[in-house]
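Architecture at a glance
So the chains spell out like this:
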Amino acid sequence: MKFAGRMNSFIFKGDYDLLTTIQKYRSMDEITHLEFNYPEHFAQYSIEEIKEAVGDMPVNGVATRFKEPFIKGEFTNVDENVRRKAIDLCKGAVDACRAVGGKVVTVWQAYDGFDYPFQVDYEKAWNRMIEAFREVADYAQDILVSIEYKPYEPRNYAMLDSIGTTLLAIEEINRPNMGITLDFCHMQMKHDCPAYALALAAKSNKLFGLHMNDGYRLMDSGLIFGSVNLSQCIEFVYYLKKYSYDGVVFFDTFPVREETEPEICANIRTFQKINDLIDRVGMDEFDKIISKNDGVASQQFLVDILGL
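Rules used throughout
- Residues numbered from 1 in each chain as written.
- Predicted model: local features only at pLDDT ≥ 70, side-chain atom pairs only at ≥ 80, totals over all residues.
- Heavy atoms only, no water.
- Axes fitted to C-alpha atoms, helices over the stretch in contact; angles between N-to-C directions.
- Helix = DSSP H or I, 4+ residues; strand = E, 2+ residues; numbered from the N terminus.
- Parallel < 35°, antiparallel > 145°, perpendicular 65-115°, else oblique.
- Left-handed = near helix turned anticlockwise from the far one by under 90°.
- Contact = heavy atoms within 4.5 Å.
- Nonpolar A, V, L, I, M, F, W, Y, C, P; charged D, E, K, R; others polar.
- Pairing = 2+ DSSP bridges.
- Core = buried A, V, L, I, M, F, W, Y, C linked by side-chain atoms within 4.5 Å.
- Buried < 20%, exposed > 50% of the residue type's maximum accessible area, 1.4 Å probe, protein only.
- Salt bridge = Lys/Arg side-chain N within 4 Å of Asp/Glu carboxyl O.

**Some details on the packing of helix H11 (residues 283-292) against helix H12 (residues 295-305)**
Look at H11 against H12: their axes get within 9 Å of each other, and the N-to-C directions meet at 155°. By the angle between their axes, H11 is roughly antiparallel relative to H12. Between H11 and H12 the crossing geometry is right-handed. Here H11 contributes Glu285, Phe286 and Ile289 to the contact with H12, which in turn contributes Ala297, Ser298, Phe301 and Ile305. Looking at the contact of H11 with H12 residue by residue, the classes come out as five nonpolar, one polar and one charged.

**A closer look at the sheet that holds strand E6 (residues 144-148)**
With respect to topology, eight strands assemble into an open sheet ordered E1-E10-E9-E8-E6-E4-E3-E2, the strand pairing being parallel. Whereas interior strands pair on both sides, the edge strands pair on one side only; in this sheet they are strand E1 (2-5) and strand E2 (34-38). Put simply, the sheet's adjacent strands are angled 25° from each other on average, direction ignored. The sheet contacts of helix H6 (residues 163-173) involve E6 and strand E8 (178-183), and relative to E8 the element is tilted by about 165°. Relative to strand E10 (residues 248-251), helix H10 (residues 260-281) is tilted by about 135°, and along the sheet it contacts E1 and E10.

**A short note on the nonpolar core**
Ranked by size, the top nonpolar core spans 96 residues in total, and within it Phe36, Phe75 and Leu182 carry the most contacts. When residues of this core are assigned to their parent elements, the largest contribution, nine residues, is made by helix H4 (residues 80-99). Among all residues touching Leu182, those that are not within four sequence positions of it are Tyr149, Ile163, Met187, Ala197, Leu198, Leu207, Gly209, Leu210, His211, Met212 and Phe236.

**Brief notes about the pattern of salt bridges**
Applying the stated rule across the entire model yields 18 salt bridges. A salt bridge links Arg128 to Glu80; the shortest N-O distance between them is 3.4 Å. Within this pair, whereas Arg128 is found in helix H5 (residues 122-139), its partner Glu80 is found in helix H4, the two being separated by 48 residues in sequence. Residue classification places Arg128 among the partly exposed positions, given a relative accessible area of 22%. Here the salt bridges do not stand alone but share partners, grouping Glu80, Arg83, Arg128 and Glu131 into one network.

Okay, here's the thing in structure tokens:
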């Protein structure tokens, strides 16, 4: 399995900068790949400095981070100059991803959304967003461009808020390198069933990335994977195996009060334990219980395999 951790989990603690964080991840046996944010992780260092620090460790990809001046929207912004800056930022992320040997640019639109009735023209905003994604995808023909949806926060409503609207957008963008990154907490916030969302994305060959975490649905908690919604996490990993997901598992968790390295390792251990559990039970046994379409039997099956 391929695992990556969040750079800012170390950097936000204040003990590490980007280069020392890279070295820390390189020293962790469980971590196989690196992930960066753009432009924040590239602002203080040259590409050459970053590549030297990365060495021979694989880079999975680069995620965009929009801050000022995008608070009124990125791709949907009515100010064409700001909208153009958002598109150019994504192209810069593509360039950075290529330079460090990555494969995926993940786009989370923090501000493409709305807060009030009559604040936006929904159809015009949608069309501007689709056109922007097409431009980015055409620029990045050798790179996968992956949309990470989130229902709200910081906007009250996001333009791409669910598995349904995101897959609809991807279909309308109509580019082979456009896909989706599923964030477990974001799916919980939307009350999307994580495994159902995974199946819809994977059956269309549009599952380009994962952000694994857990939470209580009301906010982007960023807790350790499997700590809150264990049964849904087991189901999610089962479907990853069913669809033969071979990408990187990125843990997007927030160790604010926890020590960073043990928290990252707890994510990996939990994921591996779930994976091993499914292997021991056997995929066929999961298939059999699913085929019964029986909620009581499904619950008893979970209790039994967990040894409760």
